[in-house]
Amino acid sequence: MSAQSTKLMTMAGQIADFFRAYPQDVAIRSIAEHINKFWTRKMRDTFLDLPEIRNGTSDPLLVAAAKSVRKG
Amino acid sequence: MRPSVAANLINEVDFGTPIRASADEVTLTIDGVAVSVPKGTSVMAAAMMAGTQIPKLCATDSLEPFGSCRLCLVEIEGRKGAPASCTTPAEQGMVVRTQTDRLAKLRRGVMELYISDHPLDCLTCAANGDCELQDMAGAVGLRDVRYGYAGENHFDGAKDETNPYFSYDPAKCIVCNRCVRACEETQGTFALTITGRGFGSRVAPGPTSFLGSECVSCGACVQACPTATLIEKSVIAHGQPEHSVVTTCAYCGVGCSFKAEMQGDRLVRMAPYKDGAANEGHSCVKGRFAWGYATHRDRITKPMIREKITDAWREVSWDEAIARAASEFRRIQTKYGRESVGAITSSRCTNEEVFLVQKLVRAAFKNNNVDTCARVCHAPTGYGLSQTFGTSAGTQDFKSVDKSDVILVIGANPTDAHPVFASRLKKRLRAGAKLIVADPRRIELVRSPHVRAAHHLQLKPGANVALLNALAHVIVTEGLVNEAYVRERCDADDFASWARFVAQEKNSPESMEQHTGVPAADVRAAARLYATGGNAAIYYGLGVTEHSQGSTTVMAIANLAMATGNVGRDGVGVNPLRGQNNVQGSCDMGSFPHEFSGYRHVSDDATRDMFESLWGVKLDNEPGLRIPNMLDEAVEGAFKGLYVQGEDIAQSDPDTQHVTAGLAAMQCVVVQDLFLNETAKYAHVFLPGASFLEKDGTFTNAERRINRVRRVMQPLGGKAEWQVASELATALGYPMRYEHPGEIMDEIARLTPGFKGVSYAKIDAMGSVQWPCNDAAPNGTPLMHIDRFVRGKGRFMLTEYVPTAERAGALFPLLLTTGRILSQYNVGAQTRRTDNNAWHDEDVLEIHPFDAEHRGVRSGDLVALASRSGEISLRAEITDRVQPGVVYTTFHHAVTGANVVTTENSDWATNCPEYKVTAVQVRRTNQHSLWQERNALEDVSLRRIAAAELVPAK
């Protein structure tokens with residue numbers, strides 16, 4: 001994994017950590033909204049292309065949120 | 001009547017004593033003229049309001065009346081004797097006479113005594129023409145001194161010249177106490193005193209020199225001195241100024257107004273402007289005295305270019321430099337794509353300059369890759385307060401603190417970083433308000449003369465959210481919530497969720513103690529005080545925002561304020577103390593990559609339509625890169641060109657070696673600055689910047705107050721920065737045609753709802769205006785969220801404590817936190833080029849005696865400070881200001897390189913760096929670090945300027 005990918009995964013994990021206190025549906029929606037609002041097209045695409053997101057082995061909140069993250 | 005802001009020499013009216021605030025008025029007659037004044041106002045001030053100036057020496061309206069000089073005597077019908085008008089309150093029906101033969105005789109007698117012990121060197125005195133003693137001698141008609149001048153006197157007193165900026169000449173002192181009172185009442189430092197008794201009474205900075213004393217060189221004593229006893233060395237050197245212009249300080253976010261007092265285009269003195277709403281006549285050592293950098297020999301005033309960063313710089317014309325920058329950006333975009341370039345706007349620059357740079361990015365680069373240094377300071381404030389309150393700014397004006405009963409200062413060190421506000425804060429504390437300090441260090445506010453915090457919650461670095469949740473737990477579980485306020489003003493469901501969340505046992509002070517290190521009983525007591533002590537205000541700084549949970553902390557603060565009903569009136573609120581002079585403004589102006597001016601997202605079609613219509617260009621609806629993302633992509637090879645306006649990211653941003661790797665990987669870095677700063681070592685085009693004295697525009701301070709910045713000298717580089725941005729955009733194929741920065745503000749007003757009513761004419765008429773300023777609030781908005789939150793209902797957010805990944809361990813057992821000190825400012829580009837170095841000429845590492853002893857470190861030892869990011873060496877200072885396990889340093893000196901040590905960790909929501917928590921090790925050393933040695937070499941090799949080509953004589 002590239003340094004950039006590692007960093008994006010860390011950032012996504014931090015976002016998930018914040019919204020984890022909320023009900024699951026709210027958390028999933030909020031994570032996706034946050035990423036869509038603040039991340040560039042390229043960052044989102046890189047995130048969506050991460051193996052652990054694609055194969056669903058990442059944090060379940062992130063995997064679920066990724067479905068609502070816009071492709072570039 | 002407001003004096004003209006560009007008069008020959010502005011002299012504000014001095015009423016002698018403060019005009020009291022009272023709803024009740026009294027009417028009295030002074031010299032046959034009836035005048036009505038607020039109850040409690042002195043006869044002296046009432047006379048001034050009626051147009052009569054009573055002679056005075058020990059009185060000035062920034063200080064409480066003192067009644068010592070006996071010059072302001074008046075006659076009052078029905079009263080015996082001749083009372084001092086300064087200490088006599090005006091009363092209903094009072095009949096006062098200020099000019100009688102008897103009074104004249106008394107006043108002349110007083111002046112005779114003063115003058116008998118005063119050097120008669122008026123013609124060669126530096127205060128000639130600006131001396132109240134001289135004025136009063138004239139006013140009372142002094143023609144003779146019966147006692148002669150040969151008696152005992154103080155003429156031989158030795159001058160104290162130790163302060164780099166002002167001189168103390170005891171021979172000229174009339175012991176009016178104004179300086180001592182200014183130090184106490186205005187500044188709150190209590191450095192000065194009167195030593196001796198009777199004839200032996202003398203002003204002294206304690207048993208030491210001014211420089212060696214507690215004096216913070218704010219200049220309040222100099223400002224208050226009626227003679228040449230305390231006077232600026234610049235006035236001694238150059239003489240009295242002949243005209244003055246009101247402008248705004250370019251240091252911290254307090255945004256003090258100053259009179260730039262000039263001789264032609266030479267600045268002689270910066271005098272704090274009494275009608276400046278942010279500072280009301282006060283100042284600090286930086287704004288008052290540290291302006292010499294503006295004409296420092298290091299200023300680069302000619303544009304320069306070079307092919308590679310290892311080449312020597314070559315001076316070129318403006319046209320050539322701008323053409324080079326434009327062609328390089330275009331080449332890069334053609335080759336690597338539209339999104340391969342971007343810009344960083346500066347919080348040191350005006351709103352107008354910042355607005356143009358972000359416009360350049362969006363309209364000429366055609367992407368949204370623009371960011372600002374708020375990324376590394378208060379970006380979490382913007383996010384946190386917009387989520388909870390609906391707007392990205394503080395809620396109060398500064399004078400609101402005068403009405404506070406309880407003040408919580410968290411993660412801020414106002415006496416060092418926002419000193420003029422700190423003086424106002426300390427004044428309120430001396431009047432009885434209670435103080436809670438939450439800070440890992442024992443900052444000055446915890447215990448200083450006549451100020452003592454009721455609670456110092458000395459938490460561990462990184463535990464802000466744990467502490468705030470614990471405070472909230474107490475408020476909720478002990479029934480201290482302001483139910484009526486919450487019911488009326490806040491979203492009920494969100495509040496209910498939040499209340500359930502913070503009430504959980506895991507958030508109790510007892511449970512959180514393991515994270516915070518703060519005894520639970522102290523947390524409980526502080527929470528009760530905050531919730532029940534009356535008007536409670538929160539002031540916070542970068543100790544809140546610069547954490548991995550910076551945004552969470554801001555929201556937790558907002559939660560506390562809402563839960564206790566402390567938003568929406570005087571004396572309360574949530575108040576971010578902004579770091580730089582225009583960090584509020586640079587955010588307002590659309591410097592963030594996801595939003596336009598006024599904090600509207602780039603994906604909002606209606607907003608984008610408005611901008612596209614006025615700007616005549618299609619705009620991108622996708623967020624752009626933040627600064628750290630730009631650097632990451634540069635290292636990876638995708639981001640190739642950067643325009644840096646007045647910032648020095650190679651020194652200020654975290655993980656220096658990552659920053660410089662990113663810069664070095666770019667093909668075109670354009671730096672616009674006063675100096676060849678650290679970032680310029682990696683630049684290919686240098687565009688000379690303009691100091692605040694050369695600027696024309698506006699700054700917006702931490703109160704959302706828009707102040708005018710007025711040019712007092714021509715730009716040394718020949719162009720204003722807004723002109724340079726315009727010309728660069730034009731060269732990029734997007735013509736910008738402005739004749740005056742006022743036109744830019746008019747465009748900002750057209751495009752930004754909160755600025756709709758802002759214009760230079762309005763600011764000039766009002767002095768300043770606080771946004772929102774629009775149809776709903778034509779005169780601006782000092783207090784926000786009065787009847788309702790901007791977003792409607794206040795929104796409580798759940799703020800789970802998530803410990804930072806940066807932990808102390810075996811390799812790096814200590815936690816480093818960084819900050820600022822009073823005499824230096826941020827990266828020190830300005831203050832290091834002034835005599836402020838007399839107080840702080842190197843960054844030092846504060847370390848607790850326990851940790852120092854464990855490592856065999858003594859004060860003054862060179863120590864190596866190492867983290868997983870890098871290593872530097874600096875001198876140690878052993879102090880118990882820091883707690884065991886915590887070390888602290890500043891980042892003011894480029895040669896130290898404090899940010900070599902800080903890491904890439906950042907806030908979850910905004911990527912604001914976690915400067916405040918870095919796991920480190922400290923050990924004794926006898927050498928500089930490898931980075932420091934390499935940096936010293938690069939200071940030379942990457943900063944070479946080619947000798948100008950010789951032009952053969954014709």
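This structure is a prediction, so every number in the text was calculated from the model and none was measured.

Engineer: Any details on the overall build of chain B? Residues and values, ideally.
Structural biologist: When helices and strands are tallied, chain B shows 29 helices and 36 strands. Projected onto its principal axes, the C-alpha coordinates of chain B cover approximately 90 × 90 × 65 Å. Within chain B, the proportion of its 954 residues that are buried is 65%. If you take every contact in chain B between residues at least 6 apart in sequence, the share linking residues at least 24 apart comes to 73%. Carbon and sulfur atoms provide 50% of the accessible area of chain B, an area that totals close to 33,100 Å². Across chain B, the mean location of the 101 positive side-chain charges is 2 Å away from that of the 110 negative side-chain charges.

Engineer: Tell me about helix H25 (residues 721–731) of chain B, and name the residues and values.
Structural biologist: Residues and elements named next belong to chain B. All buried positions along H25 are accounted for by Glu721, Trp722, Val724, Ala725, Ser726, Leu728 and Ala729. Those residues of H25 that are buried lie in contact with helix H8 (318–336), helix H9 (351–365), strand S25 (641–645), strand S26 (668–673), strand S27 (685–688) and helix H26 (741–751). Note on H25: the residue one or two positions beyond its end, Gly733, has a positive phi of about 100°.

Engineer: Explain the interface of chain B and chain A to me, using residue names and the numbers behind them.
Structural biologist: Facing 31 residues of chain B, the contacting portion of chain A comprises 23 residues. Along the contact surface separating chain B from chain A lie six salt bridges. Only helix H19 (550–563) and helix H22 (627–636) of chain B provide two or more residues apiece to the side of chain B that touches chain A. The element best represented in the side of chain B that touches chain A is H22(B), accounting for four residues.

Engineer: Can you explain the layout of surface pockets? Please cite residues and give values.
Structural biologist: Residues and elements named next belong to chain B. Of the volumes computed, that of the second largest pocket is approximately 890 Å³. Lining the second largest pocket are 31 residues; nearest its centre among them are Val216, Asp416, Glu444, Leu822 and Arg881. Mapped by element, the contributors of at least two residues to the lining of the second largest pocket are strand S18 (447–448), strand S32 (844–847) and strand S35 (886–890). With three residues, S35 is the largest single contributor of residues to the lining of the second largest pocket. Partitioned by chemical class, the residues of the lining of the second largest pocket number eleven nonpolar, nine polar and eleven charged.

Engineer: Run through the pattern of salt bridges, naming residues and quoting values.
Structural biologist: All names here are of chain B. Counted by the stated rule, this structure contains 70 salt bridges over all chains. Across the pair Lys359 and Glu747 runs a salt bridge whose closest N-O atoms are separated by 2.9 Å. Taken together, the residues span a long stretch of sequence, with Lys359 in helix H9 and Glu747 in helix H26 at a distance of 388 residues. On the accessibility criterion, Lys359 (5% relative accessible area) is buried. Put simply, Glu800 and Lys506 hold a salt bridge, and the shortest N to O gap is 2.8 Å.

Engineer: Give me the state of the cysteines: which residues, what numbers.
Structural biologist: Here, the word disulfide means a covalent bond between the sulfur atoms of two cysteines. Residue and element names in this part refer to chain B. Scanning the entire structure with this criterion turns up zero disulfides over all chains. The thiol of Cys183 is unpaired, and the distance to the nearest cysteine sulfur, on Cys218, comes to 6.4 Å. Given the relative accessible area of 9%, Cys183 is considered buried. Looking at the unpaired Cys249, the closest cysteine sulfur is the one in Cys256, lying at 6.0 Å.

Engineer: Which residues make up the sheet that holds strand S14 (residues 341–345) of chain B, and what are the values?
Structural biologist: All names here are of chain B. Read from one edge of the open sheet, seven strands run S13-S12-S27-S26-S25-S14-S15, paired in mixed fashion. Each edge of the open sheet is held by one strand with a lone partner, namely strand S13 (314–315) and strand S15 (370–372). Relative to S15, S14 runs parallel, the two sharing three bridges. Across the sheet, the residue bridging to Ala343 is Val370, located in S15. Lying on the sheet, H25 is in contact with S25, S26 and S27; it crosses S25 at an angle near 160°.

Engineer: Describe in detail the side chain of Thr564(B), supporting the description with residues and values.
Structural biologist: Residues and elements named next belong to chain B. For Thr564, the location among the structural elements is in the loop between H19 and strand S22 (573–576). Here Leu560 takes part through its backbone oxygen, which lies 2.8 Å from a polar atom of the side chain of Thr564. If near-sequence neighbours (up to four positions away) are discounted, Thr564 is found in contact with Ile475, Asn482, Tyr530 and Ala531.

Engineer: Could you give an account of the sheet that holds strand S3 (residues 75–76) of chain B, naming the residues involved and the relevant values?
Structural biologist: An order of S2-S1-S4-S3 (chain B) is seen for the four strands of this open sheet, with the pairing classed as mixed. Either end of the sheet is taken by a strand with one partner, and the two such strands are strand S2 (33–38) and S3 of chain B.

Engineer: Quick one: what's the story with the pairing of strand S17 (residues 434–438) of chain B, residue by residue and with numbers?
Structural biologist: All names here are of chain B. Taking burial as the measure, the five residues of S17 include four buried ones, the bulk of the element. Bridge count between strand S16 (residues 406–410) and S17: five bridges; the pairing is parallel. For Ile407, the partnering residue across the bridge sits in S17 and is Leu435.

Engineer: Quick one: what's the story with the environment of Pro449(B), residue by residue and with numbers?
Structural biologist: Residues and elements named next belong to chain B. Among the structural elements, Pro449 can be located in the loop between S18 and strand S19 (451–452). Separated by 343 residues in the primary sequence, Pro449 and Gly792 have C-alpha atoms spaced 43 Å apart. Excluding its chain neighbours within four sequence positions, the residues that come into contact with Pro449 are Thr189 and Phe190.

Engineer: Go over unusual backbone geometry with me, naming the residues and quoting the values.
Structural biologist: Residues and elements named next belong to chain B. With an omega dihedral of 0°, the bond running from Trp771 to Pro772 counts as a cis peptide bond. Mapped onto the elements, Pro772 comes out in the loop between strand S30 (769–770) and strand S31 (814–819). With phi around 55°, Val175 is a residue other than glycine that occupies positive phi space. Secondary-structure assignment places Val175 in the loop between strand S5 (166–168) and helix H4 (178–187).

Engineer: Which residues make up the nonpolar core, and what values do they have?
Structural biologist: One finds Trp39(A), Phe47(A) and Trp498(B) to be the most contacted residues of the largest nonpolar core, which totals 114 residues. Per-element accounting of this core gives the leading share, ten residues, to helix H13 (residues 464–477) of chain B. If we skip the residues at most four places from it in the chain, Trp39(A) touches Leu8(A), Met11(A), Ala12(A), Ile15(A), Arg44(A), Phe47(A) and Pro623(B). Core analysis: the second largest hydrophobic core is formed by 71 residues, Phe258(B), Ala260(B), Phe398(B) and Val446(B) among them.

Engineer: Could you give me a rundown of H22(B), with the residues and numbers involved?
Structural biologist: Since one α-helical turn is 3.6 residues long, residues separated by three or four positions face the same way. Residue and element names in this part refer to chain B. Most of H22 sits inside the fold, with seven of its ten residues counted as buried. Listing the buried residues of H22 in full gives Ile627, Asn629, Met630, Leu631, Asp632, Glu633 and Ala634. Of the residues trailing H22, Gly637 is marked for its positive phi of about 100°.

Thresholds applied
- Residues numbered from 1 in each chain as written.
- Chains lettered and ligands numbered in written order.
- Predicted model: local features only at pLDDT ≥ 70, side-chain atom pairs only at ≥ 80, totals over all residues.
- Heavy atoms only, no water.
- Helix = DSSP H or I, 4+ residues; strand = E, 2+ residues; numbered from the N terminus.
- Buried < 20%, exposed > 50% of the residue type's maximum accessible area, 1.4 Å probe, protein only.
- Contact = heavy atoms within 4.5 Å.
- Areas by Shrake-Rupley, 256 points an atom, 1.4 Å probe, with all protein chains shown as cover.
- Lys, Arg positive; Asp, Glu negative; His and termini not counted.
- Charge placed at Lys NZ, Arg CZ, Asp CG, Glu CD.
- Salt bridge = Lys/Arg side-chain N within 4 Å of Asp/Glu carboxyl O.
- 1 Å grid on protein atoms, 1.4 Å probe; cavity = no way out; pocket = protein on both sides within 12 Å on 5 of 7 lines; lining within 4 Å.
- Points joined across faces, edges and corners; volume = space filled by probe spheres on them.
- Nonpolar A, V, L, I, M, F, W, Y, C, P; charged D, E, K, R; others polar.
- Disulfide = S-S within 2.5 Å.
- Pairing = 2+ DSSP bridges.
- Axes fitted to C-alpha atoms, helices over the stretch in contact; angles between N-to-C directions.
- Polar contact = N/O pair within 3.5 Å; in protein donor to acceptor, adjacent residues only side chain to side chain.
- Core = buried A, V, L, I, M, F, W, Y, C linked by side-chain atoms within 4.5 Å.

Everything listed here is a matter of geometry and, on its own, says nothing about what the molecule does.
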